[in-house]
Amino acid sequence: MKTKVLFPNCFKKVGWIIFIPSVIIGILTLLNVIQFKNFKEVTVFAIFSDPHYFQKYEWFCFIKNNISDEILCIMNIIGAILVAFSKEKHEDEYIAKVRLESLVWAIYINFGILLFCTIFVYGTFFLNIMMISMFSVLIIFIIRFNFILYKLKKSLGNEK
Amino acid sequence: MKNNLRVERAIKDITQEELARHIGVTRQAINSIELNKYVPSTILALKLSKYFNKSVNEIFILEDTD
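Just so we're clear, the structure is a prediction, and the values are computed from it rather than from any experiment. (Residues numbered from 1 in each chain as written. Chains lettered and ligands numbered in written order. Predicted model: local features only at pLDDT ≥ 70, side-chain atom pairs only at ≥ 80, totals over all residues. Heavy atoms only, no water.)

Brief notes about the packing of aromatic side chains
One pass over the structure, following the stated rule, counts twelve aromatic pairs over all chains. Aromatic pair F7 of chain A and F11 of chain A: ring centres 5.8 Å apart, planes at 35 degrees, arrangement tilted. Here the aromatic cluster, defined as three or more aromatic residues joined through ring pairs, consists of F45, F48, Y57, W59, F60 and F62 of chain A. One Lys or Arg, K12 of chain B, reaches over the ring of Y51 of chain B and ends 4.5 Å from the middle of that ring. (Phe/Tyr/Trp six-rings, centres within 6.5 Å; stacked < 30°, edge-to-face > 60°. Lys NZ or Arg CZ within 6 Å of the ring centre and 35° of its normal.)

A short note on the packing of helix α1 (residues 10-30) of chain A against helix α4 (residues 125-157) of chain A
Each packed pair of helices is defined by two parameters, the angle between the axes and the distance between the axes. Residue and element names in this part refer to chain A. Across the interface, α1 lies against α4 with an axial gap of 13 Å and an inter-helix angle of 140 degrees. The angle between α1 and α4 falls in the class oblique. For the pair α1 and α4, the sense of crossing is left-handed. In contact with K12, W16, F19 and L30 of α1, α4 contributes N128, M131, I132, I139, I142, F145 and N146. Residue classes in the contact of α1 with α4 are distributed as eight nonpolar, two polar and one charged. (Axes fitted to C-alpha atoms, helices over the stretch in contact; angles between N-to-C directions. Helix = DSSP H or I, 4+ residues; strand = E, 2+ residues; numbered from the N terminus. Parallel < 35°, antiparallel > 145°, perpendicular 65-115°, else oblique. Left-handed = near helix turned anticlockwise from the far one by under 90°. Contact = heavy atoms within 4.5 Å. Nonpolar A, V, L, I, M, F, W, Y, C, P; charged D, E, K, R; others polar.)

Brief notes about the environment of C73 of chain A
Residues and elements named next belong to chain A. Relative to the helices and strands, C73 is located in helix α2 (residues 68-84). We classify C73 as partly exposed; its relative accessible area is 22%. Here the alpha-carbon distance between C73 and F135, two residues 62 residues apart in the chain, equals 8.6 Å. The contacts of C73, once residues within four sequence positions are left out, are M134 and F135. (Buried < 20%, exposed > 50% of the residue type's maximum accessible area, 1.4 Å probe, protein only.)

Concerning the interface of chain B and chain A
With 16 residues of chain B at the contact, the number on the chain A side is twelve residues. Carbon and sulfur atoms make up 52% of the surface buried where chain B meets chain A, a total of about 1300 Å² over both sides. The largest contributions to the chain B side of the interface with chain A come from R27, Q28 and Y38 of chain B, which together make up 43% of the buried area. On the surface where chain B and chain A come into contact, there are five residue pairs in polar contact (both at pLDDT 80 or more). Those elements giving two or more residues to the side of chain B that touches chain A turn out to be α1 (5-12) and α3 (27-34) of chain B. Of the residues belonging to the side of chain B that touches chain A, the class tally is six nonpolar, six polar and four charged. (Buried area = accessible area lost by both parts, 1.4 Å probe. Polar contact = N/O pair within 3.5 Å; in protein donor to acceptor, adjacent residues only side chain to side chain.)

Geometry only, nothing functional implied.
What follows is the structure, encoded as structure tokens:
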């Protein structure tokens, strides 16, 4: 099957190289094992900025910002997108079906967890959960998709 | 839907791997079709039909539940 919505297979490796370190660093930052407080502040362009939670905000301005979290976020999303949506070595209609199913699964699980947390988690910790949920759809998809492919490959070993 | 893929393959004496390579799909796809876990697209069904030189109806059979 020919599909235009996926990246070529070679992007998968690039994706893993970006994705894995960004996930590890991301988790360590969340757990406060490493901090980027001393990361150099850079002048960036902001369409909207409210450093003090809406007390004072600005449109279309230049601000100083520690860009460590932005870099991490961009690395994580680009890495995950490349890993998730690069073609397999042998891409065919069956793999496409597994991919679609995994995507539906990932959406269900992610928003199931988010619903659960909305009901049972309160306070500022919920902000952490919202932040994680930005990345978790893709991560759950990658885990489920690769797990199914692995299971298929393994079950093939037993048959002729 | 049932299918005779495994039988046809046995008649031609080729493995899933070889059939997959001829048709241009993964071995997983052939395996899942044989296990009735996956209904192939019309294109794939026609390719299989062409390869085995049999009509699609001889390889794939509708069931009452379909």
